[in-house]
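# Residue-level structural notes
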Amino acid sequence: MGCIGLAPAFQAAPTPTPLPSWTFRPLPSPTNTVTPAPTFPPTETFTASPVPTQTPTETLTLTPEPKFSFQGPGKVLVPILLYHQIGYSKIKDNLYYVSPEEFEKQMFLLHAWGYQTITVRQLGFAISNGAELPVKPIVLTFDDGNENTYTTAFPILQKYGFTGTAYIVYYYVGVTHYMDKQQIRALYEAGWEIGSHGLSHVDLTKRTDRQEAEIVESKLKLQKLLDGIPIDTFSYPFGAYDSPSLHYLDFAGYIAAVGLGPDMHQGPGNLNYLYRRAIKGTYDLKTFAQYLPWQGDLENLPSMTVTP
């Protein structure tokens, strides 16, 4: 489904966390033992020369870069990527389809550059309360509940130790080409977050009469259908929202919601509209890499060969 909407004003970037310093650890002074002189007949006596004292040297020990740091409460720098279909489209250059080969290349690059995934729920908690996060956190979201999220994206993410957040449309569960209850639960049990994408995927700004049902009831119905899986975050269909929809979001008890926007600075001011960048099927790996906040060598990207 397409996602078009306005995003709130950008948040200011946080002060970067300083890199760890070098640690100097001197080596202990070596102990030298003087070999005693050998005994000769009384006519000749030799005295051994003492071994020169060695000056101890210093060695540099590089302190490993920490994998986690306490971030928040308040603004944090976390990119959120949005995917729809991980598969092949019958329409050439379909923006909403990323091929499995390109998707794996993107995950390989993230892994090579040291990114670690968190969920939207974890991000929301860090903004509100502060939390230990990876030093290079990233959120991978998948809208609509398409079946290839389970059959294709899921095993690729597992390969690299990643997890995602799947946003489910309640009335799509079990429909042809969409995930069923068992598949959704399997994602959750593997560490994924499950969130709501509404009852029927309508534009909330055009169907204000549907806002309460789409936002509040979808949370309750999904939790019941999925045997108590917590539904704590919401994804606005088409990225569209207005003031009444924000009211229903708070009333339902969501801790955060995601929309659209190019900024990667997330904070209390946009907790109910976290910024996401949609990854289009036409992006090559270099274009994808340019949207990441922590980059390696853009001219020599880590490469891999993927067989379709």
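In the block above lies the structure referred to throughout.
Source: prediction; values computed, not measured.

In this structure the tally under the stated criterion is 9 salt bridges. Between arginine 121 and aspartate 232 there is a salt bridge, with the nearest N and O atoms lying 2.6 Å from each other. In this pair, arginine 121 sits in helix α2 (residues 120-129) while aspartate 232 sits in the loop between α5 (211-225) and β13 (233-235), placing the two residues 111 residues apart along the sequence. Exposure remark for arginine 121: the relative accessible area of 42% places this residue in the partly exposed category. Look at aspartate 232 and you get buried, because its relative accessible area is 13%. Arginine 207 is paired through a salt bridge with aspartate 209; the nearest N and O atoms lie 2.9 Å apart.

With that settled, the discussion passes to unusual backbone geometry. Residue proline 73 is bonded to the preceding glycine 72 through a cis peptide linkage, with omega at -5°. For proline 73, the position within the fold is in the loop between β3 (68-71) and β4 (76-77). One non-glycine residue, aspartate 93, lies in positive phi territory at about 55°. Within the secondary structure, aspartate 93 sits in the loop between β6 (85-86) and β7 (97-98).

This part covers the packing of helix α3 (residues 147-159) against helix α4 (residues 181-189). Interhelical geometry of α3 versus α4 gives an angle of 45° and a closest axis separation of 9 Å. Considering their axes alone, α3 and α4 lie oblique with respect to each other. With respect to the hand of their crossing, α3 and α4 are arranged in left-handed fashion. Here Glu147, Thr149, Tyr150 and Phe154 of α3 lie close against α4, whose contacting residues are Gln183, Ala186 and Leu187. Here the residues of the contact of α3 with α4 sort into 4 nonpolar, 2 polar and 1 charged.

Grouped together as the largest cluster of nonpolar side chains are 51 residues, with contacts concentrated most on Tyr83, Phe103, Met107 and Leu140. Contact partners of phenylalanine 103, with chain neighbours within four places excluded, come to Tyr83, Ile86, Val98, Phe142, Ala153, Ile156 and Leu157. Within the second largest apolar cluster, 16 residues are counted, among which are Ala126, Val258, Leu271 and Leu274.

So, on to the side chain of glutamine 85. Its place among the elements puts glutamine 85 in strand β6. Polar side-chain contacts of glutamine 85 include one of 2.7 Å to the side chain of asparagine 148. Setting aside its immediate chain neighbours within four residues, glutamine 85 contacts Tyr96, Tyr97, Val98, Asn146 and Asn148.

Quick look at the packing of α5 against helix α6 (residues 243-252) now. In a pair of packed helices, the angle between the axes and the distance between the axes together describe the arrangement. Following both chains from N to C, one finds α5 and α6 inclined at 20°, their axes separated by 9 Å at the closest point. The angle between α5 and α6 places the two elements in the roughly parallel class. Crossing geometry of α5 relative to α6 is assigned as right-handed. Of the residues in α6, those in contact with Gln211, Glu212, Ile215, Val216 and Lys219 of α5 are Pro244, Ser245, Tyr248, Leu249, Phe251 and Ala252.

One can find threonine 151 in helix α3. Overall, the relative accessible area of 44% leaves threonine 151 in the partly exposed class. Considering only alpha carbons, one finds threonine 151 and glycine 87, 64 residues apart in sequence, at a separation of 9.8 Å. A polar contact is formed between the side chain of threonine 151 and the side chain of threonine 152, at a distance of 3.4 Å.

Tracing the backbone shows leucine 292 in the segment after α7 (285-290). Here the alpha-carbon distance between leucine 292 and leucine 110, two residues 182 residues apart in the chain, equals 9.0 Å. Residue contacts for leucine 292: discarding those within four places in its chain leaves Leu109, Leu110, Trp113, Tyr115 and Ile138.

Below, the discussion takes up α4. The set of residues buried in α4 consists of Gln183, Ile184 and Leu187. What you see down the axis of α4 is that its buried residues fit within an arc of 100°, all on one side. Exposed and oriented more than 90 degrees from the buried face of α4 are Gln182 and Glu189. Looking at the packing, one finds that the buried side of α4 touches α3, β11 (165-168) and β12 (193-196). Capping the start of α4 is the job of one residue whose side-chain oxygen sits 3.2 Å from the backbone nitrogen of glutamine 182: aspartate 180. A positive backbone phi angle near 105° is found at glycine 191, which sits one or two residues after α4.

What counts and how
Residues numbered from 1 in each chain as written. Predicted model: local features only at pLDDT ≥ 70, side-chain atom pairs only at ≥ 80, totals over all residues. Heavy atoms only, no water. Salt bridge = Lys/Arg side-chain N within 4 Å of Asp/Glu carboxyl O. Helix = DSSP H or I, 4+ residues; strand = E, 2+ residues; numbered from the N terminus. Buried < 20%, exposed > 50% of the residue type's maximum accessible area, 1.4 Å probe, protein only. Axes fitted to C-alpha atoms, helices over the stretch in contact; angles between N-to-C directions. Parallel < 35°, antiparallel > 145°, perpendicular 65-115°, else oblique. Left-handed = near helix turned anticlockwise from the far one by under 90°. Contact = heavy atoms within 4.5 Å. Nonpolar A, V, L, I, M, F, W, Y, C, P; charged D, E, K, R; others polar. Core = buried A, V, L, I, M, F, W, Y, C linked by side-chain atoms within 4.5 Å. Polar contact = N/O pair within 3.5 Å; in protein donor to acceptor, adjacent residues only side chain to side chain. Arc of directions from axis to C-beta.

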